[in-house]
Structure formats: C-alpha cells, structure tokens
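Breakdown of the fold
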Number of protein chains: 2
Amino acid sequence: MNYKVPLKDIRFVTNEVLDMPGHYSQFTKGKAVDPDTLEAIYEEAAKFCENELEPLNQIGDEEGCKFDNGEVTTPKGFKEAYASFVENGWPSLCGPEEFGGQNMPESVGLVMMEMMIASNHSWSMYPGLSSGAIKTVHTHAPQALKERFMPPMVAGNWTGTMCLTEPHCGSDLGLLKTFAVPDAEASEDGAYKLSGSKIFISSGEHDMADNIVHIVLARLPDAPVGIKGISLFLVPKFLVNEDGSLGERNTVACGSIEEKMGIHGNSTCVINFDEAKGYLISEPHKGMRAMFTFINESRLGVAMHGQAHSEVSFQKALAYAKDRLQFRAHPRVDESKAADPIISHPDVRRMLLTQKSIAEGGRMLNMFCGQQVDITLSPDFSDEQREDAESMLAVLTPIAKGFLSETSMETTNYGIQVLGGHGFIKEWGLEQEVRDARISQLYEGTTGIQGLDLLGRKILKSRGKVMKPLMAKVQAFIKENKRNKFAKELKGYISTWESLTRSVGFSAMRNTDEVNAAAVDYLMFCGYVTVAYFWAEAAVAAEKALGNGASEPEFYKTKVATADFYYQRIMPRVLAHEAAIKNGVDTMMAIDAENFAFL
Amino acid sequence: MNYKVPLKDIRFVTNEVLDMPGHYSQFTKGKAVDPDTLEAIYEEAAKFCENELEPLNQIGDEEGCKFDNGEVTTPKGFKEAYASFVENGWPSLCGPEEFGGQNMPESVGLVMMEMMIASNHSWSMYPGLSSGAIKTVHTHAPQALKERFMPPMVAGNWTGTMCLTEPHCGSDLGLLKTFAVPDAEASEDGAYKLSGSKIFISSGEHDMADNIVHIVLARLPDAPVGIKGISLFLVPKFLVNEDGSLGERNTVACGSIEEKMGIHGNSTCVINFDEAKGYLISEPHKGMRAMFTFINESRLGVAMHGQAHSEVSFQKALAYAKDRLQFRAHPRVDESKAADPIISHPDVRRMLLTQKSIAEGGRMLNMFCGQQVDITLSPDFSDEQREDAESMLAVLTPIAKGFLSETSMETTNYGIQVLGGHGFIKEWGLEQEVRDARISQLYEGTTGIQGLDLLGRKILKSRGKVMKPLMAKVQAFIKENKRNKFAKELKGYISTWESLTRSVGFSAMRNTDEVNAAAVDYLMFCGYVTVAYFWAEAAVAAEKALGNGASEPEFYKTKVATADFYYQRIMPRVLAHEAAIKNGVDTMMAIDAENFAFL
C-alpha cells in the first residue's frame, strides 16, 4: 500500500477549519492564491509526490547515501527526481519575485512540504534545507551577496545547509569553536576565512545540485565568549564569480557521512572548513539572532516530519487492518469467512484512531502556523496583527515541533503494532517510518530544548504575555461555541493550562530547576490541549457542513467522531503530565551523579 | 561504553528484596543453591556474557544472518560463542538431572537469561528458544521420545524452536492450516507426516548446532475446526536413529529469512514442512494447552527482553550523561570548565531515572516470577502453594511481558534522546537498543493479546479469583509496613486497581467490546502499580539495611530515592490509563471501517 496525499483532509483544513481563502484575501501576496490556483497547486504537488518521490522512499532506505573521497552519491533516482522538481519550477514556489521566485505565501509551500516529507522524508530534506537557507540569506545578507547567490538558490540549481553543531556542542552552541578571520586578500567586502569542523550537517554534500551554500555559525577574532559571540556566514562549496558563474572549489569539504538509524537517503555530513572563503551575512556577534530565521523555519519543518510520519503510518496500518482477517468480531462482519478484518476489534481501532487523530490534529496545528507565518511576513497586516502572529508562532513552534515529533514515536510504532510481526520486517515499510521519524525528536533542538524554549524562554520570561494572542483566539472560540460539547471541555483544559503555568512559575521562583524539570511534561500538556483546540474547531466546522446538507456527510461525521475519540481517549493523558509536573523536581535531584549506578 | 552485568543490583533483589536464600531453603532442588554456589554462578555467568557475548552484539547487528540455499550463516563469532557456552555446560544449568541436566531451579537460569539478553539479544535467542522447547518436550512428550531427544537438547548440542505462526494467522492460531497425517511406513509409535508452511520462526535455521528440534502446531485429519483442533508435534531437522545417532535429513527446510528492523543476528525463518516426519507430543487436539508450557516460558523471556534493553540503554546513556558537557548547572559542578555534565540537568535526570526505575523495577518483577516458577515446579510445596504461584504467574506473566516490552520503547528511546544526535547514529549503539527491543512488543503475543489474556481470559473469566494470591501478598506487605510512605501510597493504587477492575467488569456485562477496548490501558495500569509494589518492597529492604548500618549506605539511599522518583514522577500515569478506560469503547466504534480515511 502506497501513501496517498490526503487531499480531502487538506482541503477541509484549508477551506473549512482555517478559512485560508479568507486569509489569502487580506494581503497582496495572498490575493494571487485564488481557490482555483490553490487547488491546481495542491493537485500537481500531490501528483509529483505520489509519482516521483514515494516510489523512491524504500529504495532510499535500502541503498542509502554513499561516500567516496569527499563526494556523496545519493540513492538511485534521487538526482533525477530533483531535476524534475527543478524543471517543474517547484523550488521557486514561495521564492521572492525579485530573485525569480513565484512569490506564493509560505503557507502554500508548507502544505507541499508535508506531502514531500510523507512521500520521502530523506529526499525532502535536500530542498527542505534550501528553503530555510534562502529565507536566511534573503532576510539578513547584504544586497550584493543576495544578488549573487539568491537566483540560483531560488531556482533550486543550488541547495543550502545549516552548519551549527560541532563535535563537542549541539544544544549548547555557546561553546562553538569554528572561527573566521578577515580575508585580507579578498577583493569583496565582508570576506572571511573560516576554519573548523561541523557535524550532523543534513544535505551537506550530495550530487543533486551544481553548488551548495552553507550557512555557518562561527566566531570572529574579537568575539565575546558564549552565545553572544557568534556570527553568521555564507560559505559556498564552489566560489562564485561576480557575474554569478561558478569559480574554483572552496576549501570546504565533506569528511565523512554518518551511518544512522533512519533517513538513510539523506546525507548527514561532517563538513570541514579549512580557511574556507565565506561572507558575513549578519552583524558581527549577532549571528544567533539571524540564525533563528533558519531555525524557526526548520522547527516548523520538523513538526511536519512528525505529523507526516503519523499520517503515512496511519494510512498503511489502516489498509492492512481492513484486509487482515483474525478473530471474530461481535457482531460478525462476514459470516462466510473464518475470521473478521482486524479493524473490527476495539484495540486495533484504538491504535488507528490515535494515529488518525494525531496526524490530522497535527496538520491543523501546522497549517495554522503556516497562516501565522504569512501574517508575520506581509506588510499588509497591521503591526499589532503581525506581533500577535509572532507571539502565536513563538508559542506554537516549540509545541508543534516537540509534540508532533514525540507523538510520532507512538503513532509510527502503532503502525508496526497493527501489522504484528509483519510490521517488524522491512517489506511492509512500517518499521522504516519509525526509524525515519525518530530523528525528528532530535534535530533543530531536542524535545527538552523545545520544552525549555516554550516554558522558560517564552512563557515565563514574558510573564505569560506571549500566550495572550493564542489564548484570546481560543477563548473567543469557546465563547462563540459555548453550547458545543468540545468547546465546553476545552474550557476546562484551558483553565488548567493557565493555572498549571502559574503554578510552575511560582515553583520556579523558589528553584529555577523546576523549569527544566517540568519542561517536557509541560510541552506535552500544551501539545495535547492545543490539538484539542483544533479538533474542537474541526468538529464545529464539520457540524456546520452537516447542518448545511454537505454532499458527503460521512466525511464530516468522521471528523466529529474523531474529535470525540481524541477528547475521550487521548485527552486523559494531560492528567498524568499535570500531576507529574506538580510533584516537582526534588526526587530528580536527590541522587548524586556518581550514585546513579553501582556497576 | 560496554554493558556491565549489574551484579550488585541482582544481589540486592536476590538477597534483600525477594529473600531467595529463604526461598531456596524450602525445596529439594533449591537446597543445592547455597549462597556460595549462587554467587559463583552469577559471577561466572556475568563473565561469560561480558567477555563473550557483549563484544558480538554490534557485529551481529551489522552483519546479520546470511541465507543461502536453505542454510543460514550466523554472524562472525556467534558459532564460537555458542560452542564455548556448550563446552562450559551452561545450556544444562536448569535441565532435568535424568537427561544430563544440572537440575538448578528455573529462577537461577532466568537471572542468567537477563544477562545474556542484555549482552546480546540476538544471540540469546538461540539458547532461549531451546530452553522452552526442552521444557515442553519434558512436560508433554512420551518417555521414548524424551529419551531420544532430551539428552542432546539439554546438553545444548541440539537447539529448539517453536513453530506457530503461518502467513495468514498469527494471533488467531485457530486458523492454522499445517496438517499432519499418520506415517503408515513408520516403525515408531506416534509418527506423522507434516505439511505446511510456518513463518517468523526464530532460530529456525542456523549453523550453531548439529540438529534443530522444531515444536510444531498442526492439525490432525479428524481435527475439529478452530483452536480446539490443534495438536503438537516434534519435528527434527535431522531424523534421529533409535540409538540417538543422527539419521537422514528430514523434509523440513528453511525457505528464506526475513529482513527486519532489529535482532539482525537472530535468524527469523520461513520453515516449510513437506511431508516432514514428526512425532505427536501431546494428546490429539490438545496441542494448544501443551504449547502454553512453551508460550508462558517464552513470555517471561520476552518480559526480560524488555527489561534488559531498559538496563543497557540506561547504562550507556548514564555513561554519556556523566561525560558530556553542555550548559551550566545551578550550582556549577566545575567552575573551571565551560559547561557542566548534562547529568546535572533535571530533564536529563528525568530520562535516566525513568530508565533506571523501569529497568530495576522490571528486574524485581521478573525475578519474582522466577521464584513463582520454582514453586509451581516443585512437589515440595503444598498444592495450595503451587496453585497460588500458578495464579500469580497467570496474572504477572502478561503484565511483565506487556508492560516491560511497552516501556522498553520509552526507555530505549531515552537512550537515544540523552545522546542527542549521537544517539541516532549507529556508532554508539543506542539506536540498536531501540530496534532490537521493538520486537518484544510483538512476539509471543502482541501487547493487545497480553491485555486481553490478563483482563478477559484471566481476571474477568475467574471473576477476580486469579488475583487473590497476589492481592493477599500485597495487602500483607501494606499492613506490615503501614507507616511506610510508599506502602501508604500503594494502598491507594491497589484500591483503585480493584475498583477499576470491577468497573470494567460491569461495563463488559453491557458490552463485551469494553474488554478489548480497555485491555492495553488496563495492562499498563497494572504494570505501573505492580512495579510500584516492588519499589515499595525495595525501599523497605533498603531502609532496613540502612537501619542496620549497611557498609555501602549510598547504594541503599539510591534505592529509596529511585522509589521516590518512581512514585512521584512515573505513577501519575495511572491517572491517564484509568480515565481513558472509564471513557469506554463507544468513541472507538463510531466510525465505519470504510470511513476511517477518504483518500
């Protein structure tokens, strides 16, 4: 069974839950996206993903990337699929017009990103990284650099990477050692020579594009220690002449690639800089701030990784569950057969509906984030509207990234579990979903880092102010739908969320470790409640469609029933997270590091 | 960092929590196990596992088994390690004396089994399957068959398998099609010819032993349909002459081996029977009952798989967490360094202590099961004692198997998570723990099947009677320790357990689907509470040692602190399981199978 793009579900969220047509009507870029254009993009994107990417997914896992003397060969077919992607103009979909882009709102590109990840996670990360690199260069680099680098990046002829991690530092980038010294011989402004070694560089070297543009964190000679002494550079694999033609090979090279649990088709590279020529693309020492343009975009991408794997695992498990006959159901589905399809059995349904409610709930959350990204980027919205959208993204980005990556471990493991032993063997592809999804809890900041970002750096640091726009939106929904059963239940969860936040805030005043101790449970709590909000929105939208005599009532009834399942069988989990947080940090700190084990 | 056998922890459970010396003093077989003998076995077993099995673990994963024309080659070193295992007499440790065994109680062998699994899961399954096969033949086969087959099986020269699953049936064995017809030409009694195809046969073919003895479920010509028409057979790879020497090759052959997510070093075989000669080893049509000797032993083995992976992941993550410097702790651990070990950070401790409390709690549960197995097998205990032990095992086997395999997904994933990106790459071995552990939720009955066995077939069917011996034991502990804080909290959990069971029982009277819907949440609820009971026992034992001025107080203080962590940060999860169960089955059944997705 192959993954199919769930276009009906995507249309439902687009038109009925988030009113994207209404959203697009409010700003210049959006006005180009009339419903017919959007539908055409969705359909063509789905065809590309189903026909060209999905068939390479298992091959990519089996073959993996090959490394030989600095060169990386991607799995069979990857290069050709990328050529077709470029030829059909997909890379430039949301690129800025001045550099050859088609200027579509980000939200449109994010929907296509979900389809690409679901079809082939490994492949999707070659263009995926480029997208963040383009936005970073576009937002922060000097005009001359943009003019030289942006056009081929937007067209997809060159790809991008983000170079942060070093062997001795990942989460704690303040420790990084790669350094840059001014290039005295250079004719251009802002040229430096970079030296150091970066690891875990996704898509860091490959055979799909003419050039690779590395976006690199490094220290200047006079840099303050720690996170406030980091600057951001652009380092191309091939130097670029002033007329834009490729020059000589830069002294940046791939030293090796990693053998990994999953995403075998994506190269994870050691990238060595040996006095490599690079260009400063932000103010000196303010590189982290600029890098967050890239990091935030990537975190939304990772949220989609988690969500997409939930969707694919659900689809594959569902197909099997409808086909596989084991045990008899009450009542029988088909008396003439020795057994009934396993989808008749409640425990199998529990697994499938968990997958479904997380996958579809996650899609609403991610697409809502896409809507907010559009708002933050368009001058047509008021300052207040843009600030509110920034606040929503500040809260929802770590929630979406952390929660959807964590839950993807449960959903993809259910994909295996529904198939029983058949799920554990490679043939059916379900175990690959687990291995590929597993990276999403790690990159762009582990779940622990997301939790700290959410609770510490965002919510507590702003004394809750950052939550206001989201809470206002949710409260308005609750008020508008006060007789709706989901809205009623949601009201209770929102009030618990607020009191839990206050309670952690108070504990943190006594002991700052309480924040670190609560971080992941708090993030999961927020994730469940946020997705509950979107399921309530979906149920209201579906009930409205049913009230209006929708032509496919079963589709809408299923949405309401899925919301019901989510509230009844998934939401009880918040009780555990809340209680664990309230029990505090003390039992975690009682054992000295040396006494954790007596071996 | 290599896995080390946690001998101090094993001794603590042996001597202080479960009073195994007192247990061994009560029966003939046990009396041979004086403390010095036991210590010598533990130490020699640990050496064998650490020195001979552990070094092959990663090699086994990388190389995997090779299949060529019916033959399976195990990874480099596996065969030699097995030869050394046999040479040193380990296979016969718990084998019956009359067939050359050393007659040790089962509980001793189970402790060694944990060490072997932790060192090398794939390798451990070659002798692991034999152990169940030996017990099945010993318990059910006619004497003549035993005399011919038992001695080389006990000595380890031959290994065993269990052949249950067929392509169209796994959980629902009533559907199986392999059939046996009387072998008219045979000179021996009970000889049949078996035809059919079995899949997922662990250790079904390999190069480590002279012969392989398959224990096979098949139908006789006059068999009733379904589960009541299944008989049990012994089918050797090589026929065995009456004098015990090997005869000609039987017509049973390995057709292929599976490519799997993990346990690459263990062969998972398609086994084809083509009028293969076999021997009936139970009464006709009563094969399932006899097979449960094998299945129950194997389920305990799988419980140990889960627990052992938790232990190994904990050890490896701990070593990394003490070494890796990222971020500064409050207060600083070492001012002279730029950052502190990540074990200083509460969220990392949360992960490590979850691993530790599950691994060590699971060990107590498993070793307690071993103690009960000893009791069921010894005629020195009264009928009542043996029946009580049977009841305890009836309840605790599905709990241990289901709960410890499910939690191993969380603990082994934390092993990756503590290492961050380094956990996802193969080098450190943490991702292998996840892939190897993943099978444990599947084989010997999925978690869903364990949940149904526990709640439906055991507890509700007996109207709670099967729970009585366990509950009596726990209540006696609570009464004896009524001022202990853990015992006090435990009392509340036990009372919730009882009321939850009644509540599911009532719901099931209205709708039997409620049992299936509750099964996995109920099993997890029971798992958390059962392990909480053992942590309370451990805390009481540790406090006693501290009161007696134990020479290594930090060891005991850590036990109490771990119990504290488990009660404060893990036990809140039961709230979620209880609430989910109480919300019932209705939301699971509301959607027609055809409406789960609209693709």
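Reading the values: rules and limits
- Residues numbered from 1 in each chain as written.
- Chains lettered and ligands numbered in written order.
- Predicted model: local features only at pLDDT ≥ 70, side-chain atom pairs only at ≥ 80, totals over all residues.
- Helix = DSSP H or I, 4+ residues; strand = E, 2+ residues; numbered from the N terminus.
- Rg over C-alpha atoms; globule rule 2.2 N^0.38 Å.
- Contact = placed C-beta atoms within 7 Å.
- Nonpolar A, V, L, I, M, F, W, Y, C, P; charged D, E, K, R; others polar.
- Expected span 1.5 Å × (residues − 1).
- Bend = angle between axes of the 7 residues up to and from the residue.
- Buried ≥ 20, exposed ≤ 12 C-beta atoms within 10 Å, placed from the backbone.
- Domains from an automatic or database assignment.
- Core = buried A, V, L, I, M, F, W, Y, C linked by C-beta atoms within 7 Å.
- Least-squares fit on C-alpha atoms with pLDDT ≥ 70 in both.
- Axes fitted to C-alpha atoms, helices over the stretch in contact; angles between N-to-C directions.
- Parallel < 35°, antiparallel > 145°, perpendicular 65-115°, else oblique.
- Left-handed = near helix turned anticlockwise from the far one by under 90°.

Next up on the list: the overall build of chain A. Counting secondary structure elements, chain A contains 21 helices and 11 strands. Over its C-alpha trace chain A gives a radius of gyration of 24 Å, about what one expects of a compact globule, namely 25 Å for 599 residues. Dimensions along the principal axes, computed over C-alpha positions, put chain A at roughly 80 × 65 × 60 Å. For chain A, the share of sequence-separated contacts (at least 6 apart) that also reach a separation of at least 24 residues comes to 74%.

Once that is clear, we can look at the interface of chain A and chain B. Opposite the 82 residues of chain A that make contact, chain B presents 82 residues. Every element with two or more residues in the side of chain A that touches chain B is listed here: helix H10 (287-323), helix H11 (346-377), helix H12 (383-419), helix H13 (421-424), helix H18 (513-547), helix H19 (553-570), helix H20 (573-582) and helix H21 (586-589) of chain A. If you tally residues by element for the side of chain A that touches chain B, the top one is H19(A), at eight residues. Of the residues contributing to the side of chain A that touches chain B, the split by class is 42 nonpolar, 21 polar and 19 charged.

Residue and element names in this part refer to chain B. With 37 residues, helix H10 (residues 287-323) extends 54 Å from end C-alpha to end C-alpha; this agrees with the ideal 54 Å at 1.5 Å per step. At Thr-293, H10 shows its strongest bend, of approximately 30 degrees. The buried count for H10 comes to 30 of 37 residues, which makes it a mostly enclosed element.

Glancing now at the domain arrangement of chain A. Residue and element names in this part refer to chain A. The assigned domain composition of chain A is domain 1 (291-459) and domain 2 (465-588). Measuring from the centre of the C-alpha atoms in domain 1 to the corresponding centre in domain 2 gives 17 Å. If you list the elements that add at least two residues to the side of domain 1 that touches domain 2, you get H11, H12 and helix H15 (447-460). Of the residues that constitute the side of domain 1 that touches domain 2, the class distribution is 14 nonpolar, 11 polar and six charged.

Looking now at the nonpolar core. Ranked by internal contacts, the top residues of the largest apolar core, which has 390 residues, are Phe233(A), Leu352(A), Ala532(A), Phe233(B), Leu352(B) and Ala532(B). Contact partners of Ala532(A), with chain neighbours within four places excluded, come to Leu490(A), Tyr493(A), Tyr566(A), Tyr567(A) and Met571(A).

Right, let's talk about the relation of the copies chain A and chain B for a bit. With an RMSD of 0.0 Å, the fit of chain A onto chain B corresponds to turning through 180 degrees and sliding 0.0 Å along the axis. Expressed as an axis order, the relation between the two copies is that of a two-fold axis.

Below, the discussion takes up the environment of Glu514(A). Residues and elements named next belong to chain A. Looking at the element boundaries, Glu-514 is found in helix H18. Considering only alpha carbons, one finds Glu-514 and Arg-324, 190 residues apart in sequence, at a separation of 48 Å. For Glu-514, the contacting residues outside a window of four places in its chain are Val-504, Ser-507, Ala-508, Gly-584 and Val-585.

Attention now moves to the packing of helix H1 (residues 7-17) of chain A against H11(A). Residue and element names in this part refer to chain A. Remark: H1 packs on H11, axes separated minimally by 10 Å, with the N-to-C direction vectors making an angle of 50 degrees. Regarding the angle of H1 to H11, the classification is oblique. When you trace H1 past H11, the crossing you get is right-handed. Within the contact between the two elements, H1 uses Asp-9, Val-13 and Val-17 and H11 uses Glu-360, Arg-363, Met-364 and Met-367. Looking at the contact of H1 with H11 residue by residue, the class counts come to four nonpolar, no polar and three charged.

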